[in-house]
Amino acid sequence: MDAGALLDRYERMNVIRRTEKAAHDLFLRGLVKGTTHLAAGQEAVAVGASAALRPDDYVFATYRGHHHALARGATPEECLAELMSRSTGLCRAKGGSMHLTKAATGMLGSYAIVGAHLPMAVGAAWSARLRGTGQLAVAFFGDGATNIGAFHESLNLAAVWKLPVLFVCENNLYMEYTPIADVTAVPRPAADRAPAHGIPGEVVDGNDVVAVEEAVGRLARRARAGDGPAVLEAETYRHFGHSRTDPAAYRPAEEVERWLKHDPLDLARGRLAELGVGEERLAECDERARAVVERAVEAAKAAPPPDPGEALTDVWADGGAAWRT
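Attention here is on the structure that accompanies the text.

## Looking at the packing of helix α1 (residues 3-28) against helix α4 (residues 76-83)
Interaxial distance between α1 and α4 falls to 11 Å at its minimum, and their mutual angle equals 20°. As judged from the angle between their axes, α1 and α4 are roughly parallel. The handedness of the crossing between α1 and α4 comes out as right-handed. Counted together, Val-15, Thr-19, Ala-22, Ala-23 and Leu-26 of α1 and Pro-76, Leu-80 and Leu-83 of α4 form the full contact between these two elements. Among the residues forming the contact of α1 with α4, the class breakdown is 7 nonpolar, 1 polar and no charged.

Following this line, the structure appears as structure tokens:
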């Protein structure tokens with residue numbers, strides 16, 4: 001990857017990190033309603049994967065999905081306004097933090113039920129196959145979802161039909177508060193289980209945006225060529241607790257320190273330095289990201305609340321229940 005492309009990835013991760021920080025601060029000020037699950041520390045998975053995908057590919061994420069929504073074209077203002085229940089929010093205040101969706105850019109939703117979106121991604125891939133569009137479906141999920149039945153059902157059906165779908169596990173070591181290693185028989189909860197379904201399983205450094213983009217790009221080409229699905233396990237680490245009510249005191253201090261030294265932004269800066277990019281250009285990226293997020297915060301705060309009269313719009317495609325019969 002050349003310096004220009006990597007600078008672009010770095011700035012995108014920077015915007016996401018600052019948006020997550022803004023969400024954290026707004027939550028503490030009581031401006032974010034409900035809870036929120038931050039993905040700070042996991043930006044390289046979303047940015048690297050999205051950079052390897054086509055604009056018309058489908059993406060499905062978990063309730064920790066701010067980074068995927070932003071990587072797939074949602075703006076910081078849209079996301080923060082949604083978190084603050086404003087009318088300018090991504091879903092007009094109907095989704096909140098856990099359900100960010102922007103279908104126009106292929107971001108087909110974040111899902112709060114663990115593993116529920118995996119069969120949906122299989123369905124989207126089947127649709128693409130039927131229509132002959134060459135599109136790919138990508139399901140991002142946490143390590144805990146690998147112990148859910150829908151994970152195995154989805155891998156099995158995708159393998160049987162050789163569908164163009166990628167299963168990308170964001171393994172941040174914890175299934176909410178429980179270490180995944182304590183309750184799982186294999187060391188790589190996603191990649192080690194893929195061969196049981198006849199699917200290749202790979203592991204990648206999820207904090208290295210270049211490595212993620214290369215891996216997703218290669219597996220995407222394989223799937224589009226008709227060779228079927230694959231599992232990619234991206235090893236990463238969330239900087240915050242499971243949710244904003246979780247201080248994450250269960251994590252060993254030395255583990256946290258080790259992973260914070262392996263920060264996605266720092267890794268990208270190191271690669272850029274090796275490519276001859278100076279601190280001045282990095283500072284320009286930082287300043288642009290800061291300005292974008294600061295403007296987004298102020299615009300979201302100033303936006304009006306949603307109109308109660310729109311409460312039932314966008315609920316059913318035709319505004320009623322006639323589709324059921």
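Next, the rest of the story.
## A short note on the packing of aromatic side chains
Across all of its chains, the model carries 6 aromatic pairs by this definition. Taken together, a centroid distance of 5.3 Å and an interplanar angle of 5° make the contact between Tyr-237 and Trp-259 stacked. Pair noted here: Tyr-237 is in the loop between β8 (230-235) and α8 (253-260) and Trp-259 is in helix α8, with a separation of 22 residues, a long-range link. Both residues of the pair, Tyr-237 and Trp-259, belong to the buried class. Connected via pairs of aromatic rings, a cluster forms that spans Tyr-174, Tyr-177 and Tyr-250.

## As for the pairing of strand β2 (residues 107-111)
Counting buried positions along β2 gives 4 out of 5 residues, so the element sits mostly inside the fold. Pairing of strand β1 (residues 58-62) with β2, which is carried by 3 bridges, proceeds in the parallel orientation. Pairing of Ala-61 across the sheet is with Ser-110, part of β2.

## Examining the sheet that holds β2
Taken together, 6 strands build an open sheet; the order of strands is β2-β1-β3-β4-β8-β7 and the sheet is parallel. Edge positions in the open sheet fall to β2 and β7 (201-205), since each of these has one partner strand only. On average, adjacent strands in this sheet sit at an angle of 20° to one another, irrespective of strand direction. Of the pairings in the sheet, the one linking β1 to strand β3 (residues 137-142) comprises 3 bridges and is parallel in character. Opposite Val-59, over in β3, you have Val-138 as the bridge partner. Of the strands in this sheet, β3, β4 (165-171) and β8 touch helix α6 (residues 149-161), which is tilted by about 150° from β4. Sitting on the sheet, helix α7 (residues 209-227) is in contact with β4, β7 and β8, with an inclination near 155° to β7.

## Describing empty space enclosed by the protein
If a probe as big as a water molecule is rolled over the atoms, it shows which places are left empty. Applying the stated criterion across every chain, the model contains 1 cavity of 30 Å³ or more. The space that makes up the largest cavity amounts to roughly 30 Å³. Considering the residues around the largest cavity, the lining is formed by Ala-46, Ala-49, Ser-50, Leu-53, Val-59, His-68, Ala-71, Arg-72 and Phe-140. For the lining of the largest cavity, the elements supplying multiple residues, two or more each, are α2 (43-52) and α3 (66-71). The element best represented in the lining of the largest cavity is α2, accounting for 3 residues.

Reading the values: rules and limits
- Residues numbered from 1 in each chain as written.
- Predicted model: local features only at pLDDT ≥ 70, side-chain atom pairs only at ≥ 80, totals over all residues.
- Heavy atoms only, no water.
- Axes fitted to C-alpha atoms, helices over the stretch in contact; angles between N-to-C directions.
- Helix = DSSP H or I, 4+ residues; strand = E, 2+ residues; numbered from the N terminus.
- Parallel < 35°, antiparallel > 145°, perpendicular 65-115°, else oblique.
- Left-handed = near helix turned anticlockwise from the far one by under 90°.
- Contact = heavy atoms within 4.5 Å.
- Nonpolar A, V, L, I, M, F, W, Y, C, P; charged D, E, K, R; others polar.
- Phe/Tyr/Trp six-rings, centres within 6.5 Å; stacked < 30°, edge-to-face > 60°.
- Buried < 20%, exposed > 50% of the residue type's maximum accessible area, 1.4 Å probe, protein only.
- Pairing = 2+ DSSP bridges.
- 1 Å grid on protein atoms, 1.4 Å probe; cavity = no way out; pocket = protein on both sides within 12 Å on 5 of 7 lines; lining within 4 Å.
- Points joined across faces, edges and corners; volume = space filled by probe spheres on them.

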